[in-house]
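# Descriptive structure summary
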Amino acid sequence: MPTARYFIVHDQMQDEWHIKYGNDQYGPYKTQDEAMVFAIDAARNLGTYGENAEVCLMGENGHFHAQWVAGRDNHAQPAQA
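These notes cover the structure that comes with them. (Residues numbered from 1 in each chain as written. Predicted model: local features only at pLDDT ≥ 70, side-chain atom pairs only at ≥ 80, totals over all residues. Heavy atoms only, no water.)

## Comments concerning the sheet that holds strand β1 (residues 4-11)
Reading across from one edge, β3-β2-β1-β4-β5 is the order of the five strands in this open sheet, with mixed pairing throughout. With partners counted over all chains shown, the strands left at the sheet margins are β3 (24-29) and β5 (64-69), one partner each. On average, each strand axis in the sheet is inclined to that of its neighbour by 25 degrees, with strand direction left out of account. (Pairing = 2+ DSSP bridges. Helix = DSSP H or I, 4+ residues; strand = E, 2+ residues; numbered from the N terminus. Axes fitted to C-alpha atoms, helices over the stretch in contact; angles between N-to-C directions.)

Next up, the structure:
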């Protein structure tokens with residue numbers, strides 16, 4: 001089970017993307033893919049310290065689902081627009 005979760009969220013009012021991790025927020029990013037690349041990189045870096053991490057994306061229904069999971073998708077890259 002992941003010990004660290006990065007959440008990719010879209011701010012519709014500002015039309016920008018953010019990464020939320022714990023009580024911190026990073027960004028803004030211009031696109032979902034840009035935010036995903038940075039979140040996956042951060043999750044991979046945690047993996048070098050033995051942490052399990054995943055990157056979750058907020059769907060249209062407001063629920064989050066895992067897009068990338070350390071150890072399972074180590075070589076996965078987000079789709080390029």
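That was the structure; now back to the text.
## Observations concerning the nonpolar core
Of all hydrophobic cores here, the largest spans 16 residues; its most connected members are Tyr6, Ile8, Ile19 and Val55. Residue assignment for this core shows that the elements contributing at least two residues are β1, β2 (16-21), α1 (32-47) and β4 (53-58). Considering each element in turn, this core owes the most residues, six residues, to α1. Contacts of isoleucine 8, omitting those with residues within four sequence positions, involve Trp17, His18, Ile19, Ala35, Met36, Ala39, Val55, Cys56, Leu57, Met58 and Phe64. (Core = buried A, V, L, I, M, F, W, Y, C linked by side-chain atoms within 4.5 Å. Buried < 20%, exposed > 50% of the residue type's maximum accessible area, 1.4 Å probe, protein only. Contact = heavy atoms within 4.5 Å.)

## Some details on the environment of alanine 53
On the secondary structure map, alanine 53 appears in strand β4. Taking the relative accessible area as the measure of exposure, alanine 53 reaches 1% and is therefore buried.

## A look at the pairing of β5
Each regular strand displays side chains that alternate between the two surfaces of the sheet. Relative to β5, β4 is paired through five bridges, and the arrangement is antiparallel. Within the sheet, the bridge partner assigned to leucine 57 lies in β5 and is histidine 65.

## Digging into the environment of valine 37
For valine 37, the position within the fold is in helix α1. Between the C-alpha atom of valine 37 and that of valine 55, which follows or precedes it by 18 residues, the distance is 9.9 Å.

## Some points on the pairing of β1
Sheet topology note: the β1/β4 ladder contains five bridges and is parallel. Each residue of the ladder has a partner; that of tyrosine 6, found in β4, is valine 55. In this sheet, β2 lies alongside β1 in antiparallel orientation, the contact comprising five bridges. Among the inter-strand pairings, isoleucine 8 is bridged to a residue of β2, identified as isoleucine 19. Counted along the chain from β1 to the antiparallel partner β2, the turn is four residues long, and its residue aspartate 15 has a positive phi close to 50 degrees.

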